[in-house]
Amino acid sequence: MAPPKKSKKGKRESKKLKKCGSIGAVPVEPKPVDTDWWDSFRQKNSSAPGSSVPNDEEEGFKYFFRVSKKTFDYICSLVREDLVSRPPSGLINIEGRLLSVEKQVAIAMRRLASGESQVSVGAAFGVGQSTVSQVTWRFIESLEERAKHHLRWPDSSRMDEIKSKLEEGFGLPNCCGAIDSTHIIMTLPAVQTSDDWCDPENNYSMLLQGVVDHEMRFLDIVTGWPGGMTVSRLLKCSGFYKLCNNGERLNGGIRTLSEGVEIREYIVGGIAYPLLPWLITPHESNDLSSPKSTFNSMHEGARLLAVRALSHLKGGWRILNKVMWRPDKRKLPSIILVCCLLHNIIIDNGDKLHPDVALSGHHDSGYGEQVCKQVELLGGALRENLAKALTR
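On a predicted model such as this, the values are computed, not experimentally measured, just so you know.

Novice: Could you give me a rundown of the pattern of salt bridges, with the residues and numbers involved?
Specialist: Counted by the stated rule, this structure contains 21 salt bridges. Across the salt bridge formed by Lys163 and Asp160, the nearest N and O atoms sit 3.7 Å from each other. With Lys163 and Asp160 both in helix α8 (residues 156–170) and 3 residues apart, this pair spans about one turn of that helix. By relative accessible area, which is 8% here, Lys163 ends up buried.

Put into structure tokens, the structure is as follows:
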């Protein structure tokens, strides 16, 4: 994403400041910083009638911001330099005090976690709608750059650990993760609407594809593509697909099973995906043999990791689960990415993904299941070998 352009007005003001400095400017008393934001916020927002905010302070903090105070402090440390060094004008609360970095991060994370309007979030913190907008976007820009190490493809040693855990949990040898996709629904101005963005359920939406590990951590995501595409088409348009097809991913050690059966690295996905040499889908039939039925059960257990990860993502960061009102389609991928980064930071820092946060239903509720009929011979052979090996 291109950095924001410096305004001419800012340059003129900078020159004026330099001139004033040369003749001896009168020092201005700095405004006090708003450091007691949490106590004020908690008191204001925990006493509402019918409120389900936990009484325990730490749990109450997680209720509002999805993370522990320790993880919150870590996130603040990532973005502090950006939020301190280039604050936008007007970042003050109703008492005229400057917003601390912590309060700016809290405002942005509450906006992402709740999905509430900028007006509602602003009222909860005692700031205006424009401040919520500015703070949230600057936080997103900063975290997108500063936290990118939390979402990357694993190196060989880390992948060995993932494969070991997936085999231990689901019995699938050499499996590297699970893949699934979801729709992020939005409204668009009439001038921006098109059939590309209109999905099968007649919503305007943007797609998100994610590959996850045994802990439901995102290893790779793809977004920015219109909801009118099929899931299989989204896969083929992704950099992940090209890397796998070119042998640059899922190219680790081959596992040799009994009777010399060789199993390459692969991920698992549902019937919306093609059966490929590195992407294994379930057998489709109502009358399966015992080996194939056993394989399908193991496959489904692993595949549901991706389903649950997207459910936690959209439940934890509700801005992704609510209908976004006329978002900038160029900025929406950054919002989605930052929510995925926050999801991973929670896991990486040892915070638990609270089960109550996940959506009660499917992450793509209301959407029918797509079916892809593409079958590649090498993918079919690998699936057959897995089914036979798992029943021996």
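Let's pick the thread back up.
Novice: How would you explain the side chain of Asp364 if you had to name every residue and give the values?
Specialist: Turning to its location among the elements, Asp364 is positioned in the loop between α12 (332–348) and α13 (377–390). A relative accessible area of 10% places Asp364 in the buried class. Within the structure, the side chain of Asp364 is placed 2.8 Å from the side chain of His183, a separation counted as a polar contact.

Novice: Outline the packing of helix α6 (residues 118–125) against helix α7 (residues 129–146), listing residues and values.
Specialist: Put simply, α6 and α7 touch, their axes get as near as 8 Å, and they point 100° apart. Classed by the angle they form, the pair α6 and α7 counts as roughly perpendicular. Contacts from Gln118, Val119, Val121 and Gly122 in α6 reach Gln129, Val132 and Ser133 in α7. Tallied by class, residues from the contact of α6 with α7 come to 3 nonpolar, 4 polar and no charged.

Novice: Quick rundown of the pairing of strand β4 (residues 204–212)? Include the residues and the values.
Specialist: Burial within β4 is extensive, with 8 of its 9 residues counted as buried. Examined bridge by bridge, strand β3 (residues 175–187) and β4 share 9 bridges and lie antiparallel to one another. Within β4, the position partnered with Met186 by the bridge is Tyr204. In this sheet, strand β5 (residues 218–226) lies alongside β4 in antiparallel orientation, the contact comprising 7 bridges. By the bridge assignment for β5, Gly210 is matched with Ile221.

Novice: How would you summarise the environment of Lys103 if you had to cite specific residues and measurements?
Specialist: Along the chain, Lys103 turns up in helix α5 (residues 101–114). Each C-alpha atom of the pair Lys103 and Cys76 lies 9.6 Å from the other, and the pair is 27 residues apart in sequence.

Novice: If you had to explain the nonpolar core to someone new, which residues and values would you point to?
Specialist: In terms of nonpolar packing, the biggest core is built from 101 residues, with Phe65, Val105, Met109, Leu112, Phe125, Phe139 and Trp278 touching the most fellow members. For this core, the element with the most residues is α12, which contributes 10 residues. With sequence-adjacent residues up to four places away left out, Phe139 is seen in contact with Ile75, Val79, Leu83, Val105, Ala108, Met109, Leu112, Val338 and Leu342. Listed in part, the 5 residues of the second largest apolar core include Leu207, Met229, Leu234 and Cys237.

Novice: A description of α7 should follow, citing residues and the corresponding values.
Specialist: With 18 residues, α7 ought to run about 26 Å at 1.5 Å a step, and its terminal C-alpha atoms sit 26 Å apart, in line with that. Listed in full, the buried residues belonging to α7 are Thr131, Val132, Val135, Thr136, Trp137, Phe139, Ile140, Glu141, Ser142, Leu143 and Glu144.

Novice: With reference to specific residues and values, describe the packing of aromatic side chains.
Specialist: Applying the stated criterion across every chain, the model contains 20 aromatic pairs. Relative to Phe65, the ring of Phe61 has its centre 5.0 Å away and its plane inclined at 55°; by these criteria the two rings are tilted. With a gap of 4 residues between them, Phe61 and Phe65 both fall in helix α3 (residues 57–65), about one helical turn apart. Taken individually, Phe61 and Phe65 each receive the classification buried, so the pair is uniform in this respect. Clustering of aromatic rings is evident, with ring pairs tying together Trp37, Trp38, Phe41, Phe61, Tyr63, Phe64, Phe65, Phe72 and Phe125.

Novice: Break down the pairing of β3 for me, with residues and values.
Specialist: Looking along a regular strand, one sees the side chains alternate between the two faces of the sheet. With 11 of 13 residues buried, β3 lies mostly within the body of the structure. Where β3 lies against strand β8 (residues 266–268), 2 bridges are found, and the strand directions are parallel. The residue bridging Ala178 from the neighbouring strand is Val268, located in β8.

Novice: Before we move on, can you summarise the confidence of the model for the chain with the specific residues and values?
Specialist: Averaged over the chain, the pLDDT score is 87; the fraction of residues at 70 or greater is 86%. Low pLDDT (under 50) marks residues 1–30, which in the prediction has 8 contacts with non-local residues, meaning those over four places away or in another chain.

Novice: Explain unusual backbone geometry residue by residue, including any values.
Specialist: Even without glycine at this site, Asn202 takes up a positive phi of about 65°. Judged by its relative accessible area of 64%, Asn202 falls in the exposed class. Despite not being glycine, Leu250 has its phi angle at roughly 55°, a positive value. Relative to the elements of secondary structure, Leu250 occurs in the loop between α10 (239–245) and β6 (255–256). Judged by relative accessible area, Leu250 falls into the buried class, the value being 2%.

Rules used throughout
- Residues numbered from 1 in each chain as written.
- Predicted model: local features only at pLDDT ≥ 70, side-chain atom pairs only at ≥ 80, totals over all residues.
- Heavy atoms only, no water.
- Salt bridge = Lys/Arg side-chain N within 4 Å of Asp/Glu carboxyl O.
- Helix = DSSP H or I, 4+ residues; strand = E, 2+ residues; numbered from the N terminus.
- Buried < 20%, exposed > 50% of the residue type's maximum accessible area, 1.4 Å probe, protein only.
- Polar contact = N/O pair within 3.5 Å; in protein donor to acceptor, adjacent residues only side chain to side chain.
- Axes fitted to C-alpha atoms, helices over the stretch in contact; angles between N-to-C directions.
- Parallel < 35°, antiparallel > 145°, perpendicular 65-115°, else oblique.
- Contact = heavy atoms within 4.5 Å.
- Nonpolar A, V, L, I, M, F, W, Y, C, P; charged D, E, K, R; others polar.
- Pairing = 2+ DSSP bridges.
- Core = buried A, V, L, I, M, F, W, Y, C linked by side-chain atoms within 4.5 Å.
- Expected span 1.5 Å × (residues − 1).
- Phe/Tyr/Trp six-rings, centres within 6.5 Å; stacked < 30°, edge-to-face > 60°.
- pLDDT = per-residue confidence, 0-100.

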